[in-house]
Each structure stands twice: as C-alpha cells, then as structure tokens.
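Analysis of the macromolecular model
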Amino acid sequence: MRLLLLGGTFNPIHVGHLMIAEEIAQEFVYDRVVFVPSFAPPHKSLASDAGPMARLAMLTLALAEYPAFLVDDCELRRKGVSYTMDTLEHIKAAYPLDGKLGLIIGDDLASGFDSWRDPEGICKHADIIVARRSGASFKLAYAHRLAYNMMLPVSSSDIRNRIASGRAWRPLVPAPVRSYIEDNALYRRGEL
C-alpha cells in the first residue's frame, strides 16, 4: 500500500487540509493518506488549543466519509514534542508499505525544513512533497517534489479567530466538525 502522511495540529481540521490530502494523493498516486495529529509541534505554539483529545475527535469525525483517509494517533500517545522522524519510524513498522512513504509539508514550512530533527533521515524514509499553501517562494536544499494543488486561503488560526470574534466560519470545516465545535463551545471569545 502506498501511504502519504499529513501531520499537523488540526486545531481544527478544515477543508483546506482535506483538499490538499485528496489532491496530492491523486497527483502522486497514493492509496491512503494517514493524518497524524501532533501532541506538541516543535516549531509552532498551540494557540487556543482545544486539547489533544478534542483535536483527535474532530479529525476522526472529518475523515469518516473518506475511506482512503486514516488517523494515526501515535504522536498523541507518545506525548511530548512531536518529531517527524519518530513518526516515520512508527508508520513504517505499523503499516504494510509498497514503496517509500510520502510526506506532505506546506510551502510555508519548507524553508525551515533543514532545522527539523534529522532532515537527512526524514528524506531517507520519505519522499518530501511540498504543498502550495501560501504561494510564497521557498528554498529547500533536500530532494522534494512540488504539488500543483489548489491553494485555499483558509487556516486553523483564522477559523479560531473567526469563531472568537463572531464572524462567519462554518463553511470552512466539515459539518461534523462544525457540530463538535458548537456542541463543545470551542474557540469562543476570551479563549484566544
């Protein structure tokens, strides 16, 4: 099975995440996409975090209608700072693989890839696929492929800010995620 990984905080997961995963899986011919929610990302603070279990619940709800999408909570179970190399080793041991793993990173993170823990090891275990998110130019000294995915101007931080400030946000997340956010009063005013 050809596997593609998409990691992130998914705080909350939104239509942009789903579109990137589906487009890149089709473009580069992967059978499944494994979404890996991070416990504590090393290069990003978790502003107004809904909490790891709420993020996992929203991710599971969002992916229910996508049979080719899976959730692996290895980073949440491992706790601590989430390093990609540890996750790649887990995925390689946990799934029957056909060929090298694919790893999606956004163009907004690509220039900082050399500061990740063990970038050479990451490249040995996975093909790096850079997704267009911001459209910004980047420099990446490691072998990679650029995806030609649609850029949707949506981000989790914008969704959280929209919810907190009472602006429109509901079409930016899958319906079950919207219900979960509303039922649990997540990201409301004063929580940012």
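Here is a short report on the structure shown in this document. (Residues numbered from 1 in each chain as written. Predicted model: local features only at pLDDT ≥ 70, side-chain atom pairs only at ≥ 80, totals over all residues. Heavy atoms only, no water.)

**Considerations on the pattern of salt bridges**
- In this structure the tally under the stated criterion is seven salt bridges.
- Among the ionic pairs, R77 bridges to D72, the shortest N-O distance being 3.7 Å.
- Here R77 falls in the exposed class, since its relative accessible area comes to 53%.
- Between R170 and E182 there is a salt bridge, with the nearest N and O atoms lying 2.6 Å from each other. Here the residue R170 occupies a position in the loop between α7 (156–165) and α8 (175–183), and E182 occupies one in helix α8, the gap between them amounting to twelve residues. (Salt bridge = Lys/Arg side-chain N within 4 Å of Asp/Glu carboxyl O. Buried < 20%, exposed > 50% of the residue type's maximum accessible area, 1.4 Å probe, protein only. Helix = DSSP H or I, 4+ residues; strand = E, 2+ residues; numbered from the N terminus.)

**Brief notes about the nonpolar core**
- The biggest cluster of nonpolar side chains holds 31 residues, and the ones touching the most others in it are L4, I13, I24, V33, F35 and I181.
- Residue assignment for this core shows that the elements contributing at least two residues are β1 (3–8), α1 (15–27), β2 (32–37), α2 (52–63), β5 (126–131), α7 and α8.
- Considering every element that reaches this core, the biggest residue donor is α1, with five residues.
- In contact with V33, other than residues within four places in its own chain, are L4, L6, A21, A25, A68, F69 and L70. (Core = buried A, V, L, I, M, F, W, Y, C linked by side-chain atoms within 4.5 Å. Contact = heavy atoms within 4.5 Å.)

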